[in-house]
Amino acid sequence: MAETTLAPVTREGRALLSPRSNEDILEDALAKFRLASDAENEERLNHAHAMKFRAGEHTPPVNQSTGGAYAPPLLTVDKQRQYMNAIVNNYRRNPLSIRIRPKSGGATKQVAEVLEGHIRSIEQESEASIAYTNGLDSAASIGVGYFRLCADYADPWSFEQTIKIEPLFNRFAVVMDPQAMHPAALDAEYCFVTSMMSRASFMAQYDLQPPSVGEWTSLGNDREWYTRDEVQVADFYYKTYERTELVRLPNGTVLPTEGLEDLDPTWPTRVSRIPQVWWVQLCGQAVLEKQRWPGQYIPIIRIEGDRLVVDGKIQRRGIIQASMTPALTFDYYFSSQTESIALAPKAPWLVYAEQIAGYEHYWNRANDAYQPYLLHKAVSVNGQLLPPPQRATVEPAIVAISQALTTADEAIRASLGMYAPAVGQPQGEQSGVAIRADQYQGDQATFNYPDNLAWSIRACGIQLVDLLTKLHAGPTTLRQVATDGTVSMAKVNQP
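The rules behind these values
Residues numbered from 1 in each chain as written. Predicted model: local features only at pLDDT ≥ 70, side-chain atom pairs only at ≥ 80, totals over all residues. Heavy atoms only, no water. Helix = DSSP H or I, 4+ residues; strand = E, 2+ residues; numbered from the N terminus. Buried < 20%, exposed > 50% of the residue type's maximum accessible area, 1.4 Å probe, protein only. Areas by Shrake-Rupley, 256 points an atom, 1.4 Å probe, with all protein chains shown as cover. Expected span 1.5 Å × (residues − 1). Contact = heavy atoms within 4.5 Å. Pairing = 2+ DSSP bridges. Core = buried A, V, L, I, M, F, W, Y, C linked by side-chain atoms within 4.5 Å. Axes fitted to C-alpha atoms, helices over the stretch in contact; angles between N-to-C directions. Parallel < 35°, antiparallel > 145°, perpendicular 65-115°, else oblique. Salt bridge = Lys/Arg side-chain N within 4 Å of Asp/Glu carboxyl O. Phe/Tyr/Trp six-rings, centres within 6.5 Å; stacked < 30°, edge-to-face > 60°. Left-handed = near helix turned anticlockwise from the far one by under 90°. pLDDT = per-residue confidence, 0-100.

## Focus: the overall build of the protein
Scanning the protein from terminus to terminus reveals 15 helices and 17 strands. Buried positions account for 40% of the 495 residues belonging to the protein. Here the protein displays about 28,000 Å² of accessible surface, and carbon together with sulfur accounts for 53% of that area.

Pasting the structure below:
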């Protein structure tokens, strides 16, 4: 689990936290966790099945238990890996990064360049490409991926905070607000990131004894949070809103009215809801830590695959689900072909007993040993010479099965819209222009996945700009990384 270290809560922050006791926070968190888990349970089961399928567990449930009856082996052929790698590796060749442009409110090109240079430094120091690539891989394969922003001190002796972009390798560790409709979940009101700790590690880190097995039922949280050997710990992010009256001064400046005197009644005012985000670390029975997150967004960023709305429920899918049926069909035909060849009986010889009399020891090994020739006797009946021994051949339907294999392979490609040139398979004599055109067609079929990642990276940039303007409100110096990799320092909030 990522370490989350934030600045101490200010007096104002404590005032906002104090009306909510730890008991209230825990009760609300557990209720939200159950609500979100139930809402996405079907989707998580689908993603889990797709992840196992990607890992090579292709055997359908009907073949796992046959009640003692013979079940032919189902061999696994990984036909999806090449298409998955084509999507991810194409992104690796052309990675994305955050760009900042001035928009309004006094923003200037110089400030945008400083922010972009420092964000490029954050991406470099965080190795953000790992987070981006891992998120794309998960989204394109099973339907959704995540990465996160974390705040930490620059070093153990520093009071200056830095932001890190960190991967979330386990998609199933994230339980997101089911009402978050933005592709990157910028509108999420809460989110959980869970991890499992051994009981020994938990007790060493926190001054709390996890419940025994006998206490599970009394807590009402059963095995969701505790096992015999482990404790589930969650980072719980949630939003609150503070009602603030704002006033717009004649020069266009907008300020909160609190503390201002001699306001002209003609100046326009309005009541606004200012979002605030809180980070709480908890287990199933207690709040372990709590701090205020400096930004206004939940710092868990989602990457979507294909989003569908079925019967009012959102379902996110990737290429694994799209090609699962033809992949199973290919496995079936490949297994049938292998079984037909392996179990095909060796063709017996049709002979008359008189023809092999005295040579039986040669003929008994006719199907087991290499022999340049087999002796037999010429036998005639009623003056008619009997024909020589012949094999009784039975040809298994290998040709038909091979054709079915080809059809199943084509069905996999058709389900993904990615054909042979898209994954680098040669197609006879073609010019370089023709090959690139074929590859471009394959990229077009899967361009939605890297484009969805672009939306999420843009959402990350929005959050970083929001965080940096709050973490570095006073005079400081920010590390800059230019597009060519050169490093410099820029003074901000000072002459």
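## Quick word on helix α5 (residues 109-126)
Look at α5: 25 Å from first C-alpha to last across 18 residues, which is about the 26 Å you get at 1.5 Å a residue. In this fold, the buried residues of α5 make contact with α6 (128-141), β2 (161-168), α15 (448-471), β16 (476-481) and β17 (487-492).

## Some details on the pairing of strand β11 (residues 313-317)
As paired strands, strand β10 (residues 306-310) and β11 are joined by 5 bridges and run antiparallel to one another. Bridging from a neighbouring strand, leucine 308 pairs with glutamine 315 of β11. Linking β10 to β11, which pair antiparallel, is a turn of 2 residues; within it aspartate 311 sits at a positive phi near 55°.

## Thoughts on the nonpolar core
Core analysis: the biggest nonpolar cluster contains 64 residues, and Tyr132, Leu149, Ile165, Ile300, Cys460 and Leu464 have the highest contact counts within it. The element contributing the most residues to this core is α15, with 8 residues. When sequence neighbours within four positions are dropped, the list of residues in contact with isoleucine 300 reads Tyr146, Phe147, Arg148, Leu168, Val174, Met176, Ala184, Ala185, Cys191, Val193 and Tyr237. Of all hydrophobic cores here, the second largest spans 26 residues; its members include Ile25, Tyr226, Tyr238 and Val287.

## So, unusual backbone geometry
Trans peptide bonds make up the majority, and among non-glycine residues the majority have a negative phi. Phi at aspartate 262 is positive, roughly 55°, even though this residue is not glycine. Looking at the secondary structure, you find aspartate 262 in the loop between β6 (254-256) and β7 (269-282). Residue aspartate 262 is classed as exposed on the basis of its relative accessible area, which comes to 75%.

## Looking at the sheet that holds strand β9 (residues 300-304)
Strand order in the open sheet formed by 3 strands is β2-β1-β9, and the pairing between neighbours is antiparallel. Lying at the two open borders of the sheet, with one neighbouring strand each, are β2 and β9. When the angles between neighbouring strand axes are averaged without regard to direction, this sheet yields 20°. In this structure, strand β1 (residues 144-153) lies alongside β2, joined through 8 bridges in antiparallel fashion. By the bridge assignment for β2, tyrosine 146 is matched with leucine 168. Across the sheet, α6 lies against β1, β2 and β9, angled at about 155° from β1, the strand it touches most. Each of β1, β2 and β9 is contacted by α15, which is oriented at about 165° to β9, the strand it contacts most.

## Digging into the packing of α5 against α15
α15 packs onto α5 with a crossing angle of 105° between their chain directions and a minimal axis gap of 11 Å. The orientation of α5 with respect to α15, classified from their angle, is roughly perpendicular. Along the contact surface, α5 presents Leu115, His118, Ile119 and Ile122, while α15 presents Leu464, Val465 and Leu468.

## Some thoughts on the pattern of salt bridges
One pass over the full model with this rule turns up 15 salt bridges. Linking aspartate 28 and lysine 32 is a salt bridge whose minimum nitrogen-to-oxygen distance equals 2.8 Å. Taken together, the residues span about one helical turn, with aspartate 28 and lysine 32 both in helix α2 (residues 22-39) at a distance of 4 residues. Exposure remark for aspartate 28: the relative accessible area of 22% places this residue in the partly exposed category. Arginine 479 is the salt-bridge partner of glutamate 125, the closest N and O atoms lying 3.4 Å from each other. Of this pair, glutamate 125 sits in helix α5 while arginine 479 sits in strand β16, and the two are 354 residues apart along the sequence. Residue class for arginine 479 comes out partly exposed when judged on its relative accessible area of 24%. Put simply, Glu43, Arg171, Arg302, Glu304, Arg307 and Arg316 are held in one network by salt bridges that share partners.

## Observations regarding the packing of aromatic side chains
Scanning the model with the defined rule gives 10 aromatic pairs in all. Taken together, a centroid distance of 6.2 Å and an interplanar angle of 75° make the contact between tyrosine 190 and phenylalanine 192 edge-to-face. Across this residue pair, the class does not change: tyrosine 190 and phenylalanine 192 are buried. Aromatic side chains tyrosine 332 and tyrosine 333 sit 5.7 Å apart centroid to centroid with 65° between the ring planes, which places their arrangement in the edge-to-face category.

## Quick look at the packing of helix α4 (residues 81-93) against α6
Orientation of α4 relative to α6, taken along the N-to-C sense of each, is 155°, at an axis distance of 10 Å. By the angle between their axes, α4 is roughly antiparallel relative to α6. With respect to the hand of their crossing, α4 and α6 are arranged in right-handed fashion. Residues Met84, Ile87, Val88, Tyr91 and Arg92 of α4 form the contact with α6, whose participating residues are Tyr132, Thr133, Leu136, Asp137, Ala140 and Ser141.

## Topic: the pairing of β1
For β1, the tally of buried residues reaches 8 of 10 residues, placing the bulk of the element in the interior. Where β1 and β9 come together, 5 bridges link them in antiparallel fashion. Paired with valine 144 across the strands is glutamate 304, a residue of β9.

## Focus: the confidence of the model for the protein
In the predicted model, the protein carries a mean pLDDT of 81, and 81% of its residues have values of at least 70. In the model, residues 1-9 has pLDDT below 50 throughout and makes 38 contacts with residues more than four positions away in sequence or in other chains. Low confidence marks residues 216-220, where pLDDT is under 50. Its contacts with residues over four positions away, or in another chain, come to 11 contacts.

## Details of the environment of glutamine 494
With respect to the secondary-structure elements, glutamine 494 resides in the segment after β17. Sequence separation of glutamine 494 and threonine 476 is 18 residues, and the distance between their C-alpha atoms is 7.7 Å. Look past the residues within four positions of glutamine 494 in its chain and what remains in contact with it is Pro475, Thr476 and Thr477.

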